[in-house]
Amino acid sequence: MAHADADDGDLPPPPAKKKSPAEEEAEKRRKKLTPGSLMKGLIRSGSGDATPAEGDQVVLHCTTRTMDGIIVNSTRREHGGKGVPLRFVLGKSKMILGFAEGFPTMLKGEIAMFKMKPQIHYAEEDCPVTAPDGFPKDDELQFEIEMLDFFKAKIVAEDLGVIKKIVDEGKGWETPREPYEVTTWITARTADGKELLPSREEPYFFTFGKSEVPKGLEMGIGTMAREEKAIIYVCSAYLTNSSLMPQLEGLEEVHFEVELVQFVQVRDMLGDGRLIKRRIVDGKGEFPMDCPLHDSLLRVHYKGMLLDEPKSIFYDTRVDNHGEPLEFCSGEGLVPEGFEMCVRLMLPGEKSIVTCPPDFAYDKFPRPANVPEGAHVQWEIELLGFEMPKDWTGFTFKEIMDDAEKIKTTGNRLFKEGKFALAKAKYEKVLREYNHVHPQDDDEGKIFANSRSSLQLNVAACYQKMGEYRKSIDTCNKLLEANPVHVKALYRRGMSYMLLGDFDDAKKDFEKMIAVDKSSEPDATAALLKLKQTIQETEKKARKQFKGLFDKKPGEISEVGVEPEGNKNTSDATASGVAASSADRDMMDAKAIPRADSDLAFEEERPGLLARIWPSARRIFSSLGLNRCTIL
């Protein structure tokens, strides 16, 4: 230990902390101070021992005099000013050097006289502020400062046009935003204390984002938590007219005293105003950490209503289900997409009203007899609770593989139902969990490897059905890196190459199948025949599109794709050297396609109920700032 201590002196000093541009600029300006250029005289002592720090807003009165005592500028009414104190944020606001150095030395309530040489106030080289008209900026001056208040400022607008002072801290971390419904107590005064908005007998209710309060006030409220009390300082640029205060012209600044009583979480799930979730009873826990974001067993009571007048109830679990709640597993397409998207963002015990368009309700889901096609519906949902997916920690290898097989079986069902995105999510869920599974012997290793390969092939098949051929190819590549002669992976990749229009690569994969495994020759031969047909069809379409392009006489103009008169009944074709058309995809013979596993036959593509679950989920997490998270 002594030896280590002796070596400490030989250690290099820690690297100096890099200074911010603001700190470097302040240090550069500070070098302009010379002995006697800034002098301070105390007129009245302040209270306490705290002084303003960087990031604090200081509120003060200032009277400027010549060395002969002549007042040249003042904020005080008795000296010709408007009676409005000045406000600065230390380290943020532009100000003369004497202020930047003098304010941090003052106590609250203190009055001091600062004598400044010209180079310390407005005559400073590269001074960031401009002197008022007629101001004697080249003279030595006296600045009488009364420090009225200072506090840690919350900068709401970068140009300092909206600043917040927290009076009482709120509860929780969630803050209102568009289109939340907000309940507040609000009063307003001018900067010199004149009342603009008297106290009300009832709190003010408004919808965030509807311009029902001035812009700067809404920006400030958007930083507040429940039950928080604050003063929001709003400059003229942010004083827009609203139903709360219709006349604000001519005001330079308004101070709003705000108490945020409550806000109702309202979420525009799709971003277009069609699927709206409105929370009417708070749940228990922290949002969104305690929501069933992952696949779970959910228990809910719900009431389904048609949006006619009066609203008609078409289903109520408390009446039509013998009072028992609905239980379902999320991520399996067992309820309408809009229903599940909203339940995933609920807390246990929460009640919400969900207004849903037909394409996210029953137009793509088995429709109750009393719900007409194209109906907009409203659900009143209460999340009673949920059970998280099983954790494989402590499971035996057999228990892990059994559970994985159940999840894969669910994925296979979803695939056969045409719900390819949901199926892919199931397969990928198991593959992620497999990263933490470690077989203990060769037999387990073989079972595990076969299961992983089967899941990867199924993911590739899902991508192929979804039209994402490059991702299907990338998935096959990962499998082929570990096993370059995996016949099913070669076939799956070859089919994706063909659908993408990379015919040479497709041919290589199909021919390689025969070279590495003679038993795959029938499937490979069928695939090569299909490839030949696709190439011929593509060339035929290209010839039709460019027909006549080179048949014109010199001087005549030909246009690609324009058919001569008399052939109007001939359908137009599009060159598809890059990607196969939907007609090409329909030509695929399902019987010629090997199965990715023994339980899953790839059928002809059908539109799925929740084919857009992932784009919708991305919208959910974007609204939460969790863009890189996955719902499963």
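Nothing here was measured: the structure is a model prediction, and the numbers come from that model. All residue numbers refer to positions counted from 1 along the written sequence of the respective chain. Given that the model is predicted, a residue must reach a pLDDT of at least 70 before its local features are reported, and side-chain atom pairs must reach 80 or more before they are shown or counted; all residues, however, enter totals for whole chains, interfaces and linings. With hydrogens and water excluded, all non-hydrogen atoms of the structure serve as input to the side-chain values.

### Overview of the overall build of the protein
Numbering of helices and strands starts at the N terminus; helices are DSSP runs of H or I of at least 4 residues and strands are runs of E of at least 2. Counting secondary structure elements, the protein contains 15 helices and 20 strands. Residue exposure (1.4 Å probe, protein chains only): buried if accessible area is under 20% of the type maximum, exposed if over 50%, otherwise partly exposed. With 632 residues in all, the protein has 45% of them scored as buried. Pairs at least 24 residues apart make up 70% of the contacts formed inside the protein by residues separated by at least 6 positions. Any two residues whose heavy atoms approach within 4.5 Å at even a single point are treated as in contact.

### Considerations on helix 12 (residues 503-516)
Compared with an ideal rise of 1.5 Å per residue, which puts 14 residues at 20 Å, helix 12 spans 20 Å between its outermost C-alpha atoms and is within 8% of the ideal. Packed against the buried residues of helix 12 are helix 11 (487-500) and helix 13 (521-545). Here, expected helix span is obtained from the residue count minus one, scaled by 1.5 Å.

### Describing the environment of Ile71
Topologically, Ile71 is positioned in strand 3 (residues 71-74). Among the residues examined, Ile71 registers a relative accessible area of 33% and is labelled partly exposed. Each C-alpha atom, one on Ile71 and one on Phe143, is 9.8 Å from the other, the two residues being 72 residues apart in sequence.

### Quick word on the nonpolar core
Only buried Ala, Val, Leu, Ile, Met, Phe, Trp, Tyr and Cys residues count toward a nonpolar core, and they belong to the same one when joined by side-chain atoms within 4.5 Å. Judged by nonpolar contacts, the single largest core of 32 residues is most densely connected at Leu275, Phe339, Val343, Tyr362, Val377, Trp379 and Ile381. Mapped by element, the contributors of at least two residues to this core are strand 16 (297-306), helix 6 (337-343), strand 19 (351-356) and strand 20 (377-387). In this structure, Val156, Phe208, Leu239 and Val264 belong to the second largest nonpolar core, which totals 30 residues.

### Some details on the pattern of salt bridges
Salt-bridge detection follows one rule: a side-chain nitrogen of Lys or Arg within 4 Å of a carboxyl oxygen of Asp or Glu. Scanning all chains against the criterion turns up 41 salt bridges. Notably, a salt bridge pairs Arg44 with Glu146, separated by 3.3 Å at the nearest N-O pair. Here Arg44, found in strand 1 (residues 38-44), pairs with Glu146, found in strand 6 (residues 141-152); they are 102 residues apart in sequence, far enough to count as distant. Note that Lys398 and Asp402 form a salt bridge whose closest N and O atoms lie 2.9 Å from each other. Within this pair, Lys398 and its partner Asp402 are both found in helix 7 (residues 397-416), separated by 4 residues, close to a single helical turn. Put simply, Asp295, Glu332, Glu340, Arg344, Arg413, Glu417, Lys419 and Lys426 are held in one network by salt bridges that share partners.

### Some remarks on the packing of helix 11 against helix 12
For helices, the fitted line uses only the C-alpha atoms of the stretch in contact; every axis is such a line through C-alpha atoms, and the angle between N-to-C directions lies from 0 to 180 degrees. At their nearest, the axes of helix 11 and helix 12 sit 7 Å apart, and the two run at 160 degrees to each other. Judged on the interaxial angle alone, helix 12 and helix 11 are roughly antiparallel. Remark: the crossing between helix 11 and helix 12 carries left-handed chirality. Two secondary-structure elements touch here, helix 11 through Val487, Leu490, Tyr491, Arg493, Gly494, Met495, Tyr497 and Met498 and helix 12 through Phe503, Asp505, Ala506, Asp509, Phe510, Lys512, Met513 and Val516. In terms of residue class, the contact of helix 11 with helix 12 is built from 11 nonpolar, 1 polar and 4 charged. In what follows, roughly perpendicular refers to angles from 65 to 115 degrees, roughly parallel to angles under 35, roughly antiparallel to angles over 145, and oblique to any angle outside these ranges. Crossing handedness is defined as follows: a turn of the near helix away from the far one that is anticlockwise and smaller than a right angle gives a left-handed crossing, while the clockwise case is right-handed. Just so you know the grouping, Ala, Val, Leu, Ile, Met, Phe, Trp, Tyr, Cys and Pro go in nonpolar, Asp, Glu, Lys and Arg go in charged, and all remaining residues, Gly too, go in polar.

### Examining the confidence of the model for the protein
Per-residue confidence from the predictor is given as pLDDT, running between 0 and 100. Averaged over every residue, the pLDDT of the protein is 85; the share at 70 or more is 84%. The low-confidence segment residues 1-8, where pLDDT is below 50, has 0 contacts with residues more than four positions distant or belonging to other chains. pLDDT under 50 marks residues 625-632. Its contacts with residues more than four places away, or in other chains, come to 22 contacts.

### Notes on the UniProt feature "repeat: TPR" (unreviewed entry) in the protein
The positions that UniProt labels "repeat: TPR" (unreviewed entry) are, in the present scheme, residues 453-486 and 487-520. For residues 453-486, the end-to-end C-alpha separation is 9 Å, with 79% helix and 0% strand making up the annotated structure. Secondary structure across residues 487-520 divides into 82% helix and 0% strand, with the first and last C-alpha atoms of the span separated by 7 Å. UniProt positions are given in the numbering used here, feature names are shortened, and annotations may be inferred rather than shown by experiment.

### Quick word on the packing of aromatic side chains
Between 30 and 60 degrees the pair is tilted, below 30 it is stacked and above 60 it is edge-to-face, where a pair is any two Phe, Tyr or Trp rings, Trp via its six-membered ring, whose centres lie within 6.5 Å. Summed over all chains, the structure comprises 20 aromatic pairs. When the ring of Phe99 is compared with that of Phe143, the centres are 5.5 Å apart and the planes differ by 85 degrees; the resulting orientation is edge-to-face. Remark: Phe143 occurs in strand 6 and Phe99 occurs in helix 3 (residues 97-102); sequence separation between them is 44 residues. Taking relative accessible area as the criterion, Phe99 reaches 6% and is therefore assigned buried. Ring plane angle 85 degrees and centroid distance 5.7 Å describe the contact between Phe314 and Tyr362, whose orientation is recorded as edge-to-face. Here Phe314, found in strand 17 (residues 312-316), pairs with Tyr362, found in the loop between strand 19 and strand 20; they are 48 residues apart in sequence, far enough to count as distant. The pair Phe314 / Tyr362 is uniform in exposure class, with both members buried. Taken together through their ring pairs, the aromatic side chains of Tyr302, Phe314, Tyr315, Phe328, Phe339, Tyr362, Phe365 and Trp379 make up a single cluster. Cation over ring: Lys108 sits above Phe150, and NZ or CZ is 5.2 Å from the ring centre. We call a charge positioned above a ring when the Lys NZ or Arg CZ atom is no farther than 6 Å from the ring centre and deviates by at most 35 degrees from the ring normal. Its end group placed over the ring of Phe263, Arg226 keeps NZ or CZ at 4.0 Å from the ring centre.

### Comments concerning the pairing of strand 19
Two strands pair when backbone bridges link them, and strand 15 (residues 276-281) and strand 19 are joined in this way by 5 bridges, in the antiparallel orientation. When the bridges of strand 19 are listed, Arg278 appears paired with Ile353. Where strand 19 lies against strand 20, 6 bridges are found, and the strand directions are antiparallel. What sits directly across from Cys356, in strand 20, is Val377. Any two strands are treated as partners once DSSP identifies two or more bridges connecting them.

### Some thoughts on the environment of Leu160
Checked against the element boundaries, Leu160 lands in the loop between strand 7 (154-155) and strand 8 (162-168). For the pair Leu160 and Lys92, spaced 68 residues apart in sequence, the C-alpha to C-alpha distance is 8.2 Å. Among all residues touching Leu160, those that are not within four sequence positions of it are Lys92, Ser93, Ile155 and Cys235.

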